[in-house]
Every structure is written in C-alpha cells, then in structure tokens.
Amino acid sequence: MVKSHFSHVRHWVFDLDNTLYPPSARLFDQIEVKMTDYVMAELGVDHAEADRLRKHYWREHGTTLAGLMQEHGIDPDPYLVAVHDISFAPLDPDAELAARIRDLPGRRIVYTNGSAPYAERVLEARGLAGLFDGIYGVEHANYRPKPERQAFDTVFAKAGIAPQTAAMFEDDPRNLAAPHAMGMRTVHVAPAPQDGDHIHHHTDDLTGFLSRLL
C-alpha cells in the first residue's frame, strides 16, 4: 500500500540532522552548545539569556542563524563554521541504509538548514558519501531557512527538483508544510508521530520505510 504512494517519485529529498542519523546520536546537542556560546560572544549576553535567545530565534525565524541575521545583522559564514565544529564520533556507518538509498529510482539530494560542508562530514561518518546527486545547505537558499517556502523554491530550482514527482523526508514536521503545499509526498521521520494534514506518512525507522518502497 505504501509503495503505491511513491510509484511516481523520481526526486528524493532528505533532511540531514535526526533524519539520516538517529536522534539517539545527539549530535545536535553539541551544535546547540556551540550556538549558545556564539550568541554569548556575539551579543555580549550571559549563558541563560543566550540560551533563551537561541530557542526564541528558532521558534520565530526557523533557525537561530536566521534570527541573528535578521535582528542583529551577523555574518552567517563564521557562524556556520563555528557551530558545526563538533565531534562526529557518535555516528556509525549504516550499510543497510546506504543500500536502501542507493536503490531509490531517480535523483537523490540532501537539503539541510546546516551547511553543505557539515552535511558532507555527517554523510562520510554514516557511510552515505557518494550516494547523493547534490548536497544543499542553508547557504544555497541565500541563508533563508526551512520552513520558509522561498528557501525550498530556491534550493529545488538549483537542484532541478520537480515537486510533483518528489518526496521529502524530514524530522521537523513544520518543515514539511511547504513541500506538501508544493505537491510533494511528505514523510515525517521521528520517534513519535505528529498530527498534521501536511504529513502523509510517519516512520521511526527510515531504513525499514525505504525498504517498503522498493
């Protein structure tokens, strides 16, 4: 039944963090520490205020970076380098996931609110390097973040993605709203499902889900 819902798909779009690796790796915990430190240094606030602002910008602007750019005019590139300077030791190669992605018909891309160089390092650590036709970070969306529709439009135009024949895999449900509106098949990848008309499918096992499509 699920397989039939993807029979038209020839463009496969994958988010990165907590989608192509399990949340149990807690990689983003490291990034959040780096983000808070960066906000402290950039804005001259204490740790508690920096942590509050980090969460506030994420809620209101889509990412902490977007909030810092819109409200404080910071240069995004040094920020992206600093917050992604983390250890990838918690990540293990996943040969089965690699095989399922390799078998997908058509073009495959990664699209993350992080940077493309960071995504490349994650993919290398997961044994997924070389499987994708393109790797796109927030820099490719002119630093506009998901969930903004403009960000998706920009990246998909660069990647040659046709939404009507595409599927989006994403852990953050709000980042599936624009793809759904564009006509994509949407898959929420997370430990627990969330309700929403813009979510077609949910899975807590990406490898298992992909195996059902082939």
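Above this text is the structure in question.
Rules and cut-offs
Residues numbered from 1 in each chain as written. Predicted model: local features only at pLDDT ≥ 70, side-chain atom pairs only at ≥ 80, totals over all residues. Heavy atoms only, no water. Helix = DSSP H or I, 4+ residues; strand = E, 2+ residues; numbered from the N terminus. Rg over C-alpha atoms; globule rule 2.2 N^0.38 Å. Buried < 20%, exposed > 50% of the residue type's maximum accessible area, 1.4 Å probe, protein only. Contact = heavy atoms within 4.5 Å. Areas by Shrake-Rupley, 256 points an atom, 1.4 Å probe, with all protein chains shown as cover. Lys, Arg positive; Asp, Glu negative; His and termini not counted. Charge placed at Lys NZ, Arg CZ, Asp CG, Glu CD. Pairing = 2+ DSSP bridges. Axes fitted to C-alpha atoms, helices over the stretch in contact; angles between N-to-C directions. Core = buried A, V, L, I, M, F, W, Y, C linked by side-chain atoms within 4.5 Å. Phe/Tyr/Trp six-rings, centres within 6.5 Å; stacked < 30°, edge-to-face > 60°. Expected span 1.5 Å × (residues − 1). Arc of directions from axis to C-beta.

A.B. asks: Which residues make up the overall build of the chain, and what values do they have?
C.D. replies: From N to C terminus, the chain includes nine helices and six strands. Expected size for 214 residues packed as a compact globule is a radius of gyration near 17 Å; at 17 Å, the chain falls within 12% of this value. Considering only C-alpha atoms, the chain reaches an extent of 55 × 35 × 30 Å along its principal axes. For the chain, the residues scored as buried account for 51% of the 214 residues in total. Taking all contacts inside the chain whose residues are at least 6 apart in sequence as the whole, residues at least 24 apart take part in 63%. As displayed, the chain has an accessible area near 9500 Å², and 50% of this comes from carbon and sulfur atoms. Of note, the chain has its 21 positive side-chain charges centred 6 Å away from the centre of its 31 negative side-chain charges.

A.B. asks: A description of the environment of His-56 should follow, citing residues and the corresponding values.
C.D. replies: Relative to the helices and strands, His-56 is located in helix H2 (residues 47-61). Given a relative accessible area of 23%, His-56 falls into the partly exposed group. Through-space distance from the C-alpha of His-56 to that of Gly-67 is 8.3 Å; in sequence the pair is 11 residues apart.

A.B. asks: Tell me what's going on with the sheet that holds strand S4 (residues 166-170), and back it up with residues and numbers.
C.D. replies: In space, the six strands of this open sheet follow the order S3-S2-S1-S4-S5-S6, with parallel pairing throughout. In the strand order of this sheet, the two ends are held by strand S3 (134-136) and strand S6 (201-203), each with one partner. Sheet twist, expressed as the mean angle between neighbouring strand axes with direction ignored, is 20°. Pairing of strand S1 (residues 11-14) with strand S2 (residues 107-111), which is carried by four bridges, proceeds in the parallel orientation. From the neighbouring strand, Trp-12 faces S2, where its bridge partner is Arg-108. Packing against the sheet, helix H7 (residues 149-159) makes contact with S1, S2, S3 and S4, and its axis sits at approximately 140° to S2.

A.B. asks: Describe the nonpolar core, listing the residues and the values that go with them.
C.D. replies: Phe-6, Phe-14, Leu-20 and Phe-169 are the most contacted members of the largest nonpolar core, which has 49 residues in total. The contacts of Phe-14, once residues within four sequence positions are left out, are Leu-20, Ile-101, Leu-104, Ile-109, Val-110, Tyr-111, Phe-132, Phe-169, Leu-206 and Leu-210. One finds Val-13, Tyr-136, Ala-141 and Ala-166 within the second-largest nonpolar core, a separate group that totals 18 residues.

A.B. asks: Requested: an account of the packing of aromatic side chains, with residues and values cited.
C.D. replies: Tallied over the full model, the rule gives 11 aromatic pairs. Taking 5.2 Å as the distance between ring centres and 90° as the angle between the ring planes, the aromatic pair formed by Tyr-38 and Tyr-79 counts as edge-to-face. One end of the pair, Tyr-38, is in helix H1 (residues 27-43); the other, Tyr-79, is in helix H4 (residues 76-83), with 41 residues separating them in the sequence. Given the relative accessible area of 18%, Tyr-38 is considered buried. Exposure remark for Tyr-79: the relative accessible area of 2% places this residue in the buried category. Residues Phe-88 and Tyr-118 carry aromatic rings whose centres are separated by 6.0 Å and whose planes lie at 35° to one another, so their mutual orientation is tilted.

A.B. asks: Run through the side chain of Thr-19, naming residues and quoting values.
C.D. replies: Examined against the element boundaries, Thr-19 turns out to sit in the loop between S1 and H1. For Thr-19, a relative accessible area of 4% gives the class buried. Setting aside residues up to four positions removed in sequence, Thr-19 forms contacts with Phe-169, Glu-170, Asp-171, Val-189 and Leu-206.

A.B. asks: Account for H2, naming residues and giving values.
C.D. replies: If you check H2, its first and last C-alpha atoms are 21 Å apart, about what 15 residues at 1.5 Å a residue would give, namely 21 Å. Every buried residue belonging to H2 is among Ala-50, Asp-51, Leu-53, Arg-54, Tyr-57 and His-61, and all of these are buried. Along the axis of H2, the buried residues cluster in a sector spanning 160°; they form a single face. Residues of H2 that are exposed and point more than 90 degrees away from the buried face comprise Ala-48, Arg-59 and Glu-60. Directly after H2, the chain includes Gly-62, whose backbone phi takes a positive value near 100°.

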